[in-house]
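As a plain string of letters, each chain reads:
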Amino acid sequence: MTPSLSERASTGVAGLDEVLSGGLVPTRSYMVRGQAGSGKTILGFHFLQQGVDEGETALFVNLEEDLRDLKANAAALGFDADAIEFLDLSPGADAFVEDESYEVFAPSEVEREPLTDRIVEGVTAVDPDRVVVDPLTQLRFLLSDDYQFRKQVVGFMRFLKDRGATVLFTVQNTPSLPTDDLEFVTDGTIRLDAGPYGKTVGVPKFRGSATQSGDHAYRITDAGMEVFPALQPGTRDEDLAFEQVSSGIPEIDELLHGGIERGTVTIVSGPTGVGKTTLSTQFMKEAAGRGERSVIYLFEENRETFLARSRAVDIPVDEMLAKGTLQVIEVEALERSPQEFARMVRDEVEGEGADIVMIDGIAGYRLTLRGEEEQMLQQMHALGRYLKNAGVTGVFIDETRNVTGEFHATMENISYLADNIVFLRHLEVGGELRKAIGVLKKRTSDFERTIREFKITEHGITVGEPMSGLRGILSGTPEVVERDAGQVEGPGDSDE
């Protein structure tokens with residue numbers, strides 16, 4: 001029977017507890033595996049500090065690092081080293097001077113070795129609820145062969161478990177000394193990796209409970225370890241209705257047959273300078289009038305430039321910010337993992353009740369991945385699905401390369417993720433540069449299949465009548481179409 005969440009032993013790292021579906025199962029042993037510098041010892045201190053905070057007794061069995069350095073490093077990260085008991089068996093301890101090797105025996109055999117006496121006496125005196133052994137692989141150097149090592153590790157873990165302790169032991173995996181043989185000893189494995197695209201944590205083994213699959217990001221900060229679980233899209237609330245979200249501009253709403261639907265993902269695409277961000281922010285301006293909250297994540301523009309540009313086109317961003325109906329967050333893509341960014345979005349959606357989330361733009365977001373094309377699609381899919389299932393309207397801005405010429409709906413091959421695609425286009429007409437707007441896709445309803453002129457002025461956005469007198473608009477260099485006198489063209493009859 002799986003213990004309830006209230007019966008779990010928290011690791012002291014909220015994001016890791018989430019990955020572990022609530023924390024560790026008490027009175028079991030868990031292996032923390034990772035390279036040197038990956039944060040294994042820091043995770044151990046989080047685990048022990050959590051026990052201290054809950055009134056439990058915590059014991060750190062030190063097999064390698066100088067005890068003074070160990071305590072100083074813990075204190076520097078904000079851990080209460082004075083509240084944690086230490087059993088120092090590091091190479092500098094007296095026991096190693098007196099005895100060049102030692103073994104960890106079962107309780108019935110402890111009288112045979114002085115150093116083993118210290119282990120048993122120390123554990124018995126403290127009677128710990130939580131134990132960290134760091135690093136357990138140090139014992140491998142002190143025993144005659146691998147068989148003896150595995151045998152004594154089993155005995156050590158059973159001894160601690162029989163005393164009711166929950167145990168974390170760290171191991172350092174190297175090509176010459178792999179730790180795969182310890183998998184059978186442990187009830188679970190937490191893997192810390194420092195790869196070319198950032199630090200990740202995974203849980204390949206965990207007895208007694210399901211865990212969140214995938215690679216989850218983590219970061220070491222001045223406050224210790226922070227874990228960012230991979231985004232789980234969840235399921236959609238069946239009661240969520242596809243309510244329309246108006247742009248506040250009648251002509252754009254006509255193109256969209258009323259607006260975009262709440263809980264859908266819209267891609268606004270177009271070349272640089274065509275007005276994608278301004279158009280998207282217009283939906284947020286209208287939402288603010290209804291008291292709804294919007295969040296903009298700027299990957300490709302700084303916050304002050306965005307605010308100044310919005311003020312210049314009559315979008316009251318200062319008032320929206322003051323009332324809390326708008327939040328503008330500048331994101332440095334290369335300093336964030338996709339999991340960290342997903343946590344930012346979750347905090348706004350679940351903690352602050354965001355109704356609209358805008359990502360400006362997709363190319364900048366892609367830099368957070370620093371990986372393969374398939375990764376980008378998976379992460380974008382999960383983010384879009386999460387927003388939709390939460391009933392949040394997502395607006396993703398995608399910059400296409402060509403100012404005029406060959407038409408692309410999107411540049412990142414993500415059109416299948418979108419419920420709606422609204423495109424903007426530069427046009428060269430009679431030696432003059434103009435702009436056009438149209439709708440390419442809308443899953444939840446029909447839409448107007450015309451292309452209209454699009455302008456941004458100091459008074460805001462204006463959209464004209466369908467551009468029925470032009471042909472080849474999507475090429476960027478349209479031609480004037482000559483009509484017979486008296487011919488009347490309907491809104492859906494334009495020749496693209």
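Structure first, text after, so check above.
Residues numbered from 1 in each chain as written. Predicted model: local features only at pLDDT ≥ 70, side-chain atom pairs only at ≥ 80, totals over all residues. Heavy atoms only, no water.

## Comments concerning the overall build of the protein chain
In step 1: Along the backbone of the protein chain there are 13 helices and 22 strands.
In step 2: Per-residue burial over the protein chain gives 52% buried out of 496 residues.
In step 3: For the protein chain, the proportion of contacts with a sequence separation of at least 24, taken over those separated by at least 6, is 68%.
In step 4: Of the roughly 21900 Å² of accessible surface on the protein chain, 46% is carried by carbon and sulfur atoms. (Helix = DSSP H or I, 4+ residues; strand = E, 2+ residues; numbered from the N terminus. Buried < 20%, exposed > 50% of the residue type's maximum accessible area, 1.4 Å probe, protein only. Contact = heavy atoms within 4.5 Å. Areas by Shrake-Rupley, 256 points an atom, 1.4 Å probe, with all protein chains shown as cover.)

## Quick word on the sheet that holds strand β16 (residues 393–399)
In step 1: If you walk across this open sheet you meet the nine strands as β14-β13-β15-β16-β12-β17-β18-β19-β20, and the pairing is mixed. The open sheet has two free edges, formed respectively by β14 (326–330) and β20 (460–466), since each of these has just one partner strand. Within this sheet the neighbouring strands show an average axis-to-axis angle of 20 degrees, counted without direction.
In step 2: As paired elements, strand β13 (residues 294–298) and β14 share five bridges and run parallel to each other. If you follow S294 over to β14, its bridge partner there is L326.
In step 3: Set on the sheet, helix α9 (residues 303–312) makes contact with β13, β14 and β19 (452–457); between it and β14 the angle comes to about 140 degrees.
In step 4: Across the sheet, helix α11 (residues 338–352) lies against β13, β14 and β15 (356–360), angled at about 165 degrees from β13, the strand it touches most. (Pairing = 2+ DSSP bridges. Axes fitted to C-alpha atoms, helices over the stretch in contact; angles between N-to-C directions.)

## Section: the nonpolar core
In step 1: In this structure, I252, L279 and I437 are the most contacted members of the largest nonpolar core, which totals 35 residues.
In step 2: With five residues, helix α8 (residues 276–289) is the single largest residue contributor to this core.
In step 3: Those residues in contact with L279 that sit more than four places away from it in its chain are I252, V268, V422, L424, I437, F454 and I461.
In step 4: Counting residues in hydrophobic clusters, the runner-up holds 32 residues, among them Y30, F60, A74 and A81. (Core = buried A, V, L, I, M, F, W, Y, C linked by side-chain atoms within 4.5 Å.)

## Some details on the packing of aromatic side chains
In step 1: Under the defined criterion, the tally for this structure stands at nine aromatic pairs.
In step 2: Taking 5.0 Å as the distance between ring centres and 20 degrees as the angle between the ring planes, the aromatic pair formed by F45 and F60 counts as stacked. Pair noted here: F45 is in helix α2 (residues 40–53) and F60 is in strand β2 (residues 58–62), with a separation of 15 residues, a long-range link. Just as F45 is buried, F60 falls in that class too. (Phe/Tyr/Trp six-rings, centres within 6.5 Å; stacked < 30°, edge-to-face > 60°.)

## Here we look at unusual backbone geometry
In step 1: At the junction of D134 and P135, the peptide bond is cis and its omega measures out at -15 degrees in the coordinates.
In step 2: In this structure, P135 sits in the loop between β4 (130–134) and α6 (146–162).
In step 3: Omega for the bond connecting D360 with G361 falls within 30 degrees of zero, at 5 degrees, which places this linkage in the cis form.
In step 4: In the Ramachandran plot, S21 falls in the positive-phi region, its phi being about 60 degrees despite a non-glycine side chain.
In step 5: Turning to its location among the elements, S21 is positioned in the loop between α1 (14–19) and β1 (29–34).
In step 6: Of note in this structure, H257 is not a glycine but carries a positive phi near 55 degrees.
In step 7: Position of H257 relative to the elements: it lies in the loop between α7 (250–255) and β11 (260–261).
In step 8: Using a relative accessible area of 39% as the deciding quantity, one classes H257 as partly exposed.

## Thoughts on the environment of E340
In step 1: Relative to the helices and strands, E340 resides in helix α11.
In step 2: A sequence separation of 121 residues divides E340 from R219, and the C-alpha atoms of the two residues are 9.2 Å apart.
In step 3: Once residues within four sequence positions are removed from consideration, E340 is found in contact with R219, F228 and E335.
In step 4: At a separation of 2.8 Å, a polar atom in the side chain of E340 contacts the side chain of R219. (Polar contact = N/O pair within 3.5 Å; in protein donor to acceptor, adjacent residues only side chain to side chain.)

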